Each structure stands twice: as C-alpha cells, then as structure tokens.
Amino acid sequence: MNGAQHVVIAIDGPAASGKSSTAQWVAQQLAFRHVDSGALYRAATAAQLRRGTGEESWTEEEVCEAARKVRLVPRGTSFTPLIDGQSVDEELRGLEVTKHVSRVASMPRVRDWVNDRVREAARDHDVVVDGRDMGTAVFPDATLKVFLVADPWERARRRLVQQLGRSPTDEEIAEETGRLVQRDARDATQTVQAKDAILIDTTYLTQEEQVERIVALVKAVTQRDSTTSAVDDDSGPG
Ligand code: DC
C-alpha cells in the first residue's frame with residue numbers, strides 16, 4: 001500500500017501503448033480518478049509555446065515559469081490541465097506540442113513540477129495514474145504497478161485508426177512506426193519499468209481485455225492487502 005491512505009494504480013509504458021485510454025476506463029470501472037501525467041508535460045509545453053519565443057533557446061526556468069499558468073482540475077472521473085483557466089485538450093494533442101514535449105519532459109525541474117501536481121491529485125482520491133515513471137519515480141509504493149507494451153507496428157496502427165477514423169494502409173503504418181520508434185528513443189530515459197510492475201503485452205488484446213485484466217489485478221491486490229491487515233490486527237496483543 002502507498003504511504004497515503006488512498007489506492008494508487010500506476011500504469012506506465014511507451015507512447016501509444018494505450019495507457020491513457022486504459023487508465024481512464026479502469027478508473028471509471030473502479031470509481032477512481034484518472035490522472036494523465038503526459039498531459040501535464042504537454043500543458044507545460046503548450047504554455048511555453050504560447051510565449052512565442054524561439055524553441056532553440058528555451059531554458060528550464062522559462063518553461064517552469066510558463067507552467068505556472070497550468071492548473072490541474074477535476075473533470076468527471078479525470079483531471080484535466082487548464083492554461084489560464086481555459087480547456088486546451090486539442091492543443092495538447094497537436095503537432096507542435098508533440099514535436100517539443102520530449103525536450104520539455106527531459107528538464108528535471110519540469111519533472112518535479114509534474115510529479116508534485118500528480119501527487120497532489122492523488123492525495124484526496126483513489127487514483128489511476130499513467131505515464132512513464134509513475135511506478136518508479138512518483139509512486140514507488142503504488143498499490144499496483146502495470147507496465148503496458150505492444151508491438152510498434154500495432155501501436156502505430158491503433159494510433160492511426162484513432163487519428164484517421166479508418167483502417168490505415170501498410171504504407172501509412174510503416175511511416176507512423178518509424179515516427180513512433182524515434183519517439184521511443186527520445187523518451188527512453190524517462191520510460192522505466194518498475195521491478196515489481198506486472199508486464200502486460202497488449203499486442204493481441206482488445207481494450208476491453210486489457211481493462212478487465214487490470215481491474216481483476218486491482219481487486220486481487222486490494223483484497224490481499226485487506227486480508228493481510230486483518231491478520232496483522234488479529235495477531236496483535238490482547
Ligand atoms: O504519453 P504522452 O505522449 O502524452 O507523453 C507526452 C510526453 O511526456 C512524452 O514525451 C513522454 C513524456 N512523459 C514523461 O516523460 N513522463 C511521464 N510520466 C509522462 C510523459
């Protein structure tokens with residue numbers, strides 16, 4: 001169990017492994033809140049892009065200052081980042097943000113800022129958090145840690161289906177696979193599988209199956225923890 005009293009389910013994995021949608025769905029099923037740490041890196045990047053300064057000269061200090069305009073607020077079963085009080089969902093998924101976010105995510109002070117926001121969100125709720133290092137740097141004592149992986153071709157295919165709303169051609173998938181593998185390389189330092197994470201390869205799983213497995217794992221772990229604490233209580237003096 002984590003240091004706080006609340007349950008923390010950490011889902012990590014590479015780009016387009018389906019972490020966020022799976023985490024969102026698991027949170028809904030368990031009546032937990034979902035926190036997408038990647039969205040915070042994207043929001044810091046978007047806030048900095050809005051300043052309109054040359055990307056080459058961005059400093060860690062400037063990005064941290066820009067990030068002060070970002071607030072993480074509860075929305076439904078999730079948290080969403082706002083910039084200057086405005087919803088920015090589309091901007092966060094846009095090409096410009098995607099192009100620069102890895103660099104922003106490599107800045108240690110920005111990582112501290114994101115991690116503080118995520119921990120704050122987890123303070124008052126049971127949460128499903130997703131990212132690259134949730135089970136290692138941010139919640140080393142998470143109730144359950146899952147690391148999602150999938151074959152790069154399949155990740156590229158899923159991403160294109162989502163973007164295009166149709167079946168992509170092999171040529172399109174091949175091109176997207178190349179981009180994805182480059183992103184994997186840029187994010188490699190940050191993407192860490194915890195030693196005690198349960199690895200789930202989703203290449204041949206439907207999203208329903210992934211969600212079912214994780215929900216079953218959460219139930220098993222929380223049941224085990226409550227049995228263990230009941231036994232501990234019984235074995236005390238008196
Ligand atoms: O999961 P995503 O594509 O929204 O992540 C955006 C970027 O943030 C990506 O470059 C990886 C990085 N990231 C990170 O370094 N650590 C996290 N916990 C989450 C995301």
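Residues numbered from 1 in each chain as written. Predicted model: local features only at pLDDT ≥ 70, side-chain atom pairs only at ≥ 80, totals over all residues. Heavy atoms only, no water.

We now examine the layout of surface pockets. Roughly 170 Å³ of volume is contained in the second largest pocket. Every residue along the wall of the second largest pocket is listed here: Val70, Arg71, Leu72, Phe79, Arg117, Glu120, Ala121, Arg123, Asp124 and His125. In terms of residue class, the lining of the second largest pocket is built from four nonpolar, one polar and five charged. (1 Å grid on protein atoms, 1.4 Å probe; cavity = no way out; pocket = protein on both sides within 12 Å on 5 of 7 lines; lining within 4 Å. Points joined across faces, edges and corners; volume = space filled by probe spheres on them. Nonpolar A, V, L, I, M, F, W, Y, C, P; charged D, E, K, R; others polar.)

Moving on, we come to the nonpolar core. Counting residues in each nonpolar core, the largest one holds 38 residues, and the members touching the most others are Val35, Val110, Val118, Val129 and Phe139. No other element matches helix H2 (residues 37-49), which puts seven residues into this core. Dropping the residues within four chain positions of it, valine 110 is found in contact with Tyr41, Ala44, Glu60, Val63, Cys64 and Val104. (Core = buried A, V, L, I, M, F, W, Y, C linked by side-chain atoms within 4.5 Å. Buried < 20%, exposed > 50% of the residue type's maximum accessible area, 1.4 Å probe, protein only. Helix = DSSP H or I, 4+ residues; strand = E, 2+ residues; numbered from the N terminus. Contact = heavy atoms within 4.5 Å.)

So, about the site of the ligand. By nearness alone, 17 residues border the ligand, and Arg42, Arg111, Arg132, Asp133 and Arg183 come closest of all. The side chain of aspartate 133 places a nitrogen or oxygen atom 2.9 Å from a nitrogen atom of the ligand. Looking at the shell around the ligand, the elements with two or more residues in it are H2 and helix H5 (95-105). No other element matches the four residues that H2 contributes to the shell around the ligand. (Near = heavy atom within 4 Å. Polar contact = N/O pair within 3.5 Å; in protein donor to acceptor, adjacent residues only side chain to side chain.)

What follows covers the pattern of salt bridges. Side chains carrying opposite charge are able to pair once their charged atoms draw close together. Counted according to the given criterion, the structure contains 16 salt bridges. Note that arginine 111 and aspartate 133 form a salt bridge whose closest N and O atoms lie 2.8 Å from each other. Linking arginine 111 in helix H6 (residues 108-123) with aspartate 133 in the loop between strand E6 (127-131) and helix H7 (134-138), this pair joins segments that are 22 residues apart in sequence. Take arginine 111 and aspartate 133: they sit in the same class, and that class is buried. As a salt-bridge pair, arginine 166 and glutamate 172 come within 2.9 Å of each other at their nearest N and O atoms. A relative accessible area of 26% places glutamate 172 in the partly exposed class. Here the salt bridges share partners, and the residues they tie into one network are Glu154, Arg157 and Arg158. (Salt bridge = Lys/Arg side-chain N within 4 Å of Asp/Glu carboxyl O.)

Running from amino to carboxyl end, H2 crosses helix H3 (residues 60-67) at an angle of 100 degrees, the nearest separation of the two axes being 8 Å. Considering their axes alone, H2 and H3 lie roughly perpendicular with respect to each other. Contact residues: H2 offers Ala44, Ala47 and Gln48, while H3 offers Glu62, Val63, Ala66 and Ala67. The residue makeup of the contact of H2 with H3, split by class, is five nonpolar, one polar and one charged. (Axes fitted to C-alpha atoms, helices over the stretch in contact; angles between N-to-C directions. Parallel < 35°, antiparallel > 145°, perpendicular 65-115°, else oblique.)

This part is about unusual backbone geometry. Its identity is not glycine, yet alanine 16 carries a phi of approximately 60 degrees, on the positive side. By secondary structure assignment, the location of alanine 16 is in the loop between strand E1 (8-12) and helix H1 (19-30). Alanine 16 sits in the buried class, given a relative accessible area of 16%. A positive phi is found at alanine 31, a non-glycine position, where the angle reads about 60 degrees. Along the chain, the position of alanine 31 falls in the loop between H1 and strand E2 (33-36). For alanine 31, a relative accessible area of 68% corresponds to the exposed category.

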